[in-house]
Structure formats: structure tokens, C-alpha cells
Amino acid sequence: MGFKQSLMDNNSIKLHTSADNWQDAIKIGTDMLIASGAILPDYHDAIISSVKELGPYICIAPNLALPHARPENGVLKTAFALVTLKEPIVFDGESEPVDVLITLAGSSSDEHMEGLMEVTQVLDDEESETGIDLDKIRRCTSADEIYQVIDAALA
């Protein structure tokens, strides 16, 4: 299950949206995947409680979070959701605010690694200080623009 195909199948892209806090921001992504039947509500709860317990382990680069929990926490099928925020939100214990969230639900290690490698390829930017380019995602105003960015990166 590729990154783009998953976003299409699950109708799971929300751009330039608003969130009050990090819990709210995570819910935007997980709600789309619950609606599509990819995950159970338990998966959302598992992410929230893990972040409260372990700290912001899902913040994998400046301004980027990858909300995920374990497959047994309610993943029905491998899926991704992409959320960009108008105003960044702050995670407790994290200095950089986050405005791009890619929710990952991996049903088996192999499947989600494949999708994850695609996500990495899409964001990868050797020129940037952080090693990733989030601006090309931030600039998008429609799902179609997101698909074009993914296609161009994976071509």
C-alpha cells in the first residue's frame, strides 16, 4: 500500500486546517482513518496516551509529526493521513512547533515500512538544514496538488 494510494483510498488529506492543541491535531488525522475503516477509535486513544506517557516521540523532525501507535492498538489496514495546519501547535517537551502531521497506521511491519520509505522520499531534501522540505507540502491547497508532489518525488 503506497503513500499516495492510501491517501486516495481513505480520503485522508486535510489542508490548512485549525487545531486548538496537539491532541486536537492528532484527532483530525485519526478521525479520517476511523471514518474510512482503516483504524478503530482505540488507535487514536493509544497515540494520545503514548505521547502523554513517553513524551513527543512522534515529532521526528522540526515542524513534522508522525502520529502512530502499535498495530495491535486498533489498526485494521495499513493507511496514512496527511494534515497541514494554518497555525502550528506545540507538543509538551518539544521546542519546535508542528504544522505538518502524517498519521501512520501500520498493520504489519513490511507494509508500513514501504509506505514510510515513500513518505521519506517525498519529504527528503539534501539542500535543507533539516534534511526535509515541508514547504512543498505546505504550499498545496488541494489533494490533487499533494498527489502531484508525491508523483514528482517518486518518479
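Okay, so let's go over this structure. Only a predicted model underlies this, so the values are computations on that prediction, with no experimental measurement involved.

**So, the packing of aromatic side chains**
For any pair of aromatic rings, the description rests on two quantities: the centre-to-centre distance and the angle between the ring planes. Counted by the stated rule, this structure contains 2 aromatic pairs. Taken together, a centroid distance of 5.3 Å and an interplanar angle of 75 degrees make the contact between F3 and F80 edge-to-face. Note that F3 is positioned in helix α1 (residues 3–10) and F80 in strand β4 (residues 79–89), a separation of 77 residues in sequence.

**Topic: the sheet that holds strand β3 (residues 64–65)**
Read from one edge of the open sheet, 5 strands run β1-β4-β5-β3-β2, paired in mixed fashion. With one partner strand each, in any of the chains shown, β1 (13–17) and β2 (59–61) form the two edges of the open sheet. Bridge count between β3 and strand β5 (residues 98–105): 2 bridges; the pairing is parallel. Within β5, the residue paired with A65 across the bridge is L101. Sheet strands in contact with α1 are β1, β4 and β5, and its direction is about 85 degrees off that of β4. Where helix α2 (residues 22–35) meets the sheet, it contacts β1, β4 and β5, and its direction lies at approximately 150 degrees from that of β4.

**Remarks on the pattern of salt bridges**
A complete count under the given rule lists 5 salt bridges for this structure. Close ionic contact of K27 with D31 constitutes a salt bridge, the shortest N to O distance being 2.8 Å. Of this pair, K27 and D31 both sit in helix α2, 4 residues apart, which is roughly one turn of the helix. Look at K27 and you get partly exposed, because its relative accessible area is 38%. You can call D31 partly exposed: its relative accessible area is 34%. Note that R70 and E72 form a salt bridge whose closest N and O atoms lie 2.7 Å from each other. Each member of the pair, R70 together with E72, is exposed. Connected through shared salt-bridge partners, D99, D135 and R138 make up one network.

**Some thoughts on the pairing of β5**
Along β5, 8 of the 8 residues are buried, which leaves the element largely enclosed by surrounding structure. Taken together, the 7 bridges between β4 and β5 define a ladder with antiparallel strand orientation. Considered in β5, the bridge of A81 is made with T103.

**Section: the packing of α1 against helix α6 (residues 143–154)**
How two helices pack is summed up by the angle between their axes together with the distance between the axes. Between α1 and α6, the shortest axis-to-axis distance is 10 Å and the interhelical angle comes to 160 degrees. As far as their axial angle goes, α6 and α1 are roughly antiparallel. Considering only the axes of α1 and α6, their crossing is left-handed. In this structure, α1 uses F3, K4, L7 and M8 to contact α6, whose residues at the interface are I146, Y147, I150 and D151.

Parameters and conventions
Residues numbered from 1 in each chain as written. Predicted model: local features only at pLDDT ≥ 70, side-chain atom pairs only at ≥ 80, totals over all residues. Heavy atoms only, no water. Phe/Tyr/Trp six-rings, centres within 6.5 Å; stacked < 30°, edge-to-face > 60°. Helix = DSSP H or I, 4+ residues; strand = E, 2+ residues; numbered from the N terminus. Pairing = 2+ DSSP bridges. Contact = heavy atoms within 4.5 Å. Axes fitted to C-alpha atoms, helices over the stretch in contact; angles between N-to-C directions. Salt bridge = Lys/Arg side-chain N within 4 Å of Asp/Glu carboxyl O. Buried < 20%, exposed > 50% of the residue type's maximum accessible area, 1.4 Å probe, protein only. Parallel < 35°, antiparallel > 145°, perpendicular 65-115°, else oblique. Left-handed = near helix turned anticlockwise from the far one by under 90°.

Scope: geometric values only; no functional claims are made or implied.
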